[in-house]
Amino acid sequence: MILIVTKNQETTTNEVINWLSEMGKKFIRVHEDEIFEIKVYKKRIFLESHRTQFFLDEITSFWYRRGRLRFKHLHYNNPSVDIHMNEHQHWLQDYIIKTLESKKNINKQSNSSVNKLLVLEQAKKLG
């Protein structure tokens, strides 16, 4: 199954989805306003938002178009526990992003924010 991460009402994404539908390809579209809870069912990671749900291991291809895959952050009453658990939540979220990006992919969320000054400097060096 193809996972598509995009902004709401993104025209190019709509055109690609029409093409995928005609080809009979299975896909999931994730919008920028979705926030996913990370769950585990029978030792499988399951992501669920208000409109989308899927098992991580069912994704075979990943297209990061625009937007961002976002996750629900759990908060705890004890500040020490909260700090500790934030670190663990970060590791789990990072694992999910890196797992998706290790599959067949177009673009990556992890490098979507480039430093334009560094890009311009590199372009200048290359002429």
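Summarised in this report is the structure supplied together with it. Here the structure is a predicted model, which is why all the values come from computation and not from measurement. (Residues numbered from 1 in each chain as written. Predicted model: local features only at pLDDT ≥ 70, side-chain atom pairs only at ≥ 80, totals over all residues. Heavy atoms only, no water.)

**Points about a nonpolar patch on the surface**
We apply this condition: Note on patches: the residues involved have over 30% relative accessible area and no salt bridge, like charges join within 9 Å, and the nonpolar side chains Val, Leu, Ile, Met, Phe, Trp and Tyr join within 5 Å. Only the protein chains shown count as cover for residues, and the accessible areas themselves come from Shrake-Rupley with a 1.4 Å probe. For this document, the term salt bridge refers to a Lys or Arg side-chain nitrogen within 4 Å of an Asp or Glu carboxyl oxygen. Elements are defined by DSSP. Helices are runs of H or I of four residues or more, strands are runs of E of two residues or more, and each kind is numbered from the N terminus.
Among the surface-exposed residues, L74, Y76 and V81 lie close enough to one another that they form a single nonpolar patch of about 220 Å² accessible area. As for its position among the elements, Y76 is in the loop between strand 7 (70-71) and helix 2 (79-101).

**Details of the nonpolar core**
Note the threshold: Residues enter a nonpolar core if they are buried and are Ala, Val, Leu, Ile, Met, Phe, Trp, Tyr or Cys, with the set joined through side-chain atoms within 4.5 Å. Classification of residues uses two cut-offs on accessible area relative to the type maximum, computed with a 1.4 Å probe and protein chains only: under 20% is buried, over 50% is exposed, and between them is partly exposed. Contacts are assigned to residue pairs with any non-hydrogen atoms lying within 4.5 Å of each other.
Of all hydrophobic cores here, the largest spans 17 residues; its most connected members are L3, V30, F54, L69 and L100. Of all the secondary structure elements, the ones that give two or more residues to this core are strand 1 (2-5), strand 2 (27-30), strand 4 (44-48), strand 6 (61-64) and helix 2. Setting aside residues no more than four positions away along its own chain, L100 makes contact with L3, L56, I59, F62 and L69. Core analysis: the second largest hydrophobic core is formed by five residues, I2, I17, L20 and W63 among them.

**Thoughts on helix 1 (residues 11-23)**
Note the cut-off: By this rule the span expected of a helix is its residue count minus one, scaled by 1.5 Å. Our arc is simply the arc of the directions from the helix axis toward the C-beta atoms. Each polar contact in these results corresponds to two N or O atoms within 3.5 Å; when the atoms are within protein, one needs to be able to donate a hydrogen and the other to accept it, and residues that are neighboring in sequence are counted only if both atoms are side-chain atoms.
In this model, helix 1 (13 residues) spans 19 Å end to end at C-alpha, consistent with the 18 Å of a helix rising 1.5 Å per residue. Every buried residue of helix 1 is listed here: T13, I17 and L20. One side of helix 1 carries all its buried residues, which in axial view fall inside an arc of 60 degrees. Structural note: helix 1 exposes T11, E15, W19 and E22 on the side pointing more than 90 degrees away from its buried face. Residues of helix 1 that are buried sit in contact with strand 1, strand 2 and strand 6. By the N-cap criterion, in which a side-chain oxygen at the helix start approaches the backbone nitrogen of a residue two or three places on, helix 1 is capped by E10, the distance to T12 being 3.4 Å. Following helix 1 by one or two positions, G24 has its phi on the positive side, about 75 degrees.

**A closer look at the sheet that holds strand 6**
Under the convention used in this document: Only strands that DSSP links by at least two bridges are regarded as paired with each other. For helices, the axis comes from a line fit to the C-alpha atoms of the stretch in contact; other axes are also lines fit to C-alpha atoms, and the angle between any two N-to-C directions lies between 0 and 180 degrees.
Strand order in this open sheet of four strands is 2-1-6-8, and the pairing throughout is parallel. What marks the edges here is a single partner per strand, and that holds for strand 2 and strand 8 (104-106). Strand-to-strand, the axes of this sheet are offset by a mean angle of 15 degrees, without reference to chain direction. Bridging between strand 1 and strand 2 involves four bridges; their strand directions are parallel. Within strand 2, the residue paired with L3 across the bridge is I28. Contacts from helix 1 reach strand 1, strand 2 and strand 6 within the one sheet, and its direction differs from that of strand 2 by about 165 degrees.

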